[in-house]
Amino acid sequence: MNVLSLFDGMSCGQIALERAGIKVDNYYASEIDKHAINVTQHNYPNTIQLGDINNWKSWNLSEIDLVMGGSPCQGFSNSGFGLNFEDPRSKLFFTFVEILKFYNPEYFLLENVKMKKEWENVISEYLGVSPILIDSSLVSAQKRSRLYWTNIPNVQKPEDKGLLFKDIIDNNKSNYITWKPEQMKMWFNKEYVRKDYYRIEQPNKKVQCLMAQMGTNRPKTWLDESETVFRWITPIEWERLQTLPDNYTSIESDAQRRKMIGNGWTADIITHIFKNI
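Remember, it's a predicted structure, so these values are computed and weren't measured experimentally. (Residues numbered from 1 in each chain as written. Predicted model: local features only at pLDDT ≥ 70, side-chain atom pairs only at ≥ 80, totals over all residues. Heavy atoms only, no water.)

Caption draft 1: Layout of the packing of helix H3 (residues 92-103) against helix H4 (residues 117-127). Contact pair H3 / H4: the axes reach a minimum separation of 11 Å and the direction vectors enclose 15 degrees. Looking at the two axes, H3 sits roughly parallel to H4. In this structure, the crossing between H3 and H4 has a hand that is right-handed. When H3 is examined against H4, the residues Phe93, Phe94, Phe96, Val97 and Leu100 are found in contact with a partner set consisting of Ile123, Tyr126 and Leu127. Along the lines of polarity and charge, the residues of the contact of H3 with H4 split into eight nonpolar, no polar and no charged. (Axes fitted to C-alpha atoms, helices over the stretch in contact; angles between N-to-C directions. Helix = DSSP H or I, 4+ residues; strand = E, 2+ residues; numbered from the N terminus. Parallel < 35°, antiparallel > 145°, perpendicular 65-115°, else oblique. Left-handed = near helix turned anticlockwise from the far one by under 90°. Contact = heavy atoms within 4.5 Å. Nonpolar A, V, L, I, M, F, W, Y, C, P; charged D, E, K, R; others polar.)

Caption draft 2: Representation of the nonpolar core in the model. If you look at the biggest cluster of nonpolar residues, it comprises 41 residues, and the most contacted ones within it are Met68 and Phe274. Those elements that provide at least two residues to this core are helix H1 (12-19), strand S2 (26-30), strand S4 (66-69), strand S5 (107-113), strand S6 (132-135), helix H6 (235-241), helix H7 (254-263) and helix H8 (267-274). Counting residues per element, this core draws most heavily on H8, at five residues. Not counting the four nearest positions on each side in its chain, Phe274 is found in contact with Gly13, Ala16, Leu17, Ala20, Ile22, Leu66, Met68, Leu109 and Ile152. (Core = buried A, V, L, I, M, F, W, Y, C linked by side-chain atoms within 4.5 Å. Buried < 20%, exposed > 50% of the residue type's maximum accessible area, 1.4 Å probe, protein only.)

Caption draft 3: Expanded view of the pattern of salt bridges. Applying the stated criterion to the full structure yields ten salt bridges. Here Asp268 ties to Lys161 by a salt bridge, and the two come within 3.9 Å at their closest N and O atoms. Of this pair, Asp268 sits in helix H8 while Lys161 sits in the loop between strand S7 (145-150) and strand S8 (178-179); the two residues are 107 residues apart in sequence, bridging distant segments of the chain. With its nearest N and O atoms 2.9 Å apart, the salt bridge here joins Glu237 to Arg231. Under the relative-accessibility criterion, Arg231 is labelled buried at 3%. (Salt bridge = Lys/Arg side-chain N within 4 Å of Asp/Glu carboxyl O.)

Caption draft 4: View of H3. An ideal rise of 1.5 Å per residue puts 16 Å on twelve residues; H3 measures up with 17 Å between its terminal C-alpha atoms. Taken together, the buried positions of H3 are occupied by Leu92, Phe93, Thr95, Phe96, Val97, Ile99, Leu100 and Tyr103. The inward-facing, buried residues of H3 abut strand S1 (2-6), S4, S5 and H4. Looking at the residues trailing H3, positive phi occurs at Asn104, about 45 degrees. (Expected span 1.5 Å × (residues − 1).)

Caption draft 5: Main features of the sheet that holds strand S3 (residues 48-49). Read from one edge to the other, the open sheet built from seven strands follows the order S3-S2-S1-S4-S5-S7-S6, with strand pairing classed as mixed. If you trace the sheet from one side to the other, it starts and ends with S3 and S6, each paired once. Relative to S2, S1 is paired through five bridges, and the arrangement is parallel. Across the sheet, residue Asn2 finds its bridge partner in S2, namely Asn26. (Pairing = 2+ DSSP bridges.)

Caption draft 6: The pairing of S5, seen in detail. Among the seven residues of S5, seven are classified as buried, and the element is accordingly described as predominantly covered. Looking at chain direction, S4 and S5 are connected through four bridges and run parallel. Its bridge partner lying in S5, Leu66 is registered against Tyr107. In the sheet, S5 pairs with S7 via five bridges, with the strands oriented antiparallel. By the bridge assignment for S7, Leu109 is matched with Thr150.

Caption draft 7: Structural detail: the packing of aromatic side chains. The tally for this structure, following the rule as stated, stands at seven aromatic pairs. Ring plane angle 70 degrees and centroid distance 5.3 Å describe the contact between Trp56 and Phe102, whose orientation is recorded as edge-to-face. Separated by 46 residues along the polypeptide, Trp56 in the loop between S3 and S4 and Phe102 in helix H3 bring together distant segments of the chain. Linked through ring pairs, Trp56, Phe102 and Tyr103 together constitute an aromatic cluster. We note Arg231 situated over the ring of Tyr176; from NZ or CZ to the ring centre the distance is 4.0 Å. (Phe/Tyr/Trp six-rings, centres within 6.5 Å; stacked < 30°, edge-to-face > 60°. Lys NZ or Arg CZ within 6 Å of the ring centre and 35° of its normal.)

This is how it looks when you write it as C-alpha cells:
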C-alpha cells in the first residue's frame with residue numbers, strides 16, 4: 001500500500017497502520033513542523049517527507065491507495081475563534097479535497113474536532129460521506145471526541161476498555177515536576193489564568209482532552225492522597241493518554257512533546273478504523 005498522510009504531525013498514522021498489520025510500501029508525509037518531523041524520522045526513518053501541503057502539485061507521486069489527514073482544527077474548535085472556513089488554517093480542508101480528487105485513492109480518512117452541524121455538513125458534502133463520532137475514552141484514559149470521515153467500510157465505535165488515569169500513571173517519580181497551589185498563584189499573573197486553572201485530574205477518572213497549547217491549565221494531579229502538592233502530568237503519561245509508545249516523542253523538549261501530542265491522533269482509534277481495510 002502507498003500512503004499519503006497530510007498534516008502528518010508525528011506520524012500517528014504510521015503507528016496505527018503498523019498495529020493494524022497493514023504493509024506499507026511507501027509512506028509519504030506532508031508536514032512543516034520541524035519538531036514533529038524529527039520525531040517521525042527518528043521512529044520511521046523510511047518516511048518520505050514532502051514538506052508544505054500548499055506545494056502538492058509539484059509532488060508527482062505514483063499511485064496512492066490511502067490518503068489520510070487531520071486538517072487544522074482551530075477554526076472549528078470551541079477553543080478557537082469559531083471562524084470556520086474563513087480561518088486560513090481551516091481552509092486547508094479544501095486543499096485536502098483537491099488532493100483527494102487528484103489521487104483518487106481506494107481509501108481516505110479525515111479527522112477533525114466536533115463542530116457546528118452546518119460546518120460538519122459542508123465537509124460531508126465535499127467528501128460524500130457522513131462522519132462517525134468516536135470518543136478516545138473508549139480505548140484510552142482520555143476524553144477526546146472527534147469526527148472521522150472515511151470510506152473504509154463497516155467502521156463502528158470500538159468497545160470500551162474501561163481505562164482510567166490510574167491505569168496509565170507514570171510511576172517513575174524522577175519524571176515528576178511538583179508545585180504547591182500557592183506557588184501557582186505567585187508564579188502566574190492571576191488576571192491571565194482561566195478560572196479552571198486548578199485542573200486536577202483524579203486517578204479514578206478519565207483525563208480531560210489534551211490540547212497542544214494548554215499553558216497553566218495543562219493537566220495536573222495530586223502527588224499523593226494528602227492533596228497538598230500537585231504535579232504536572234508527565235510526557236510519558238501524555239503519550240499513554242494518546243495510546244502512543246512510551247518515549248515515542250522523547251527526542252524533543254517537554255514543551256514540544258506536549259504540543260505535538262496534543263495536536264496528534266489517539267493511535268488506537270485510528271488502528272481500530274484501519275482494521276476494516
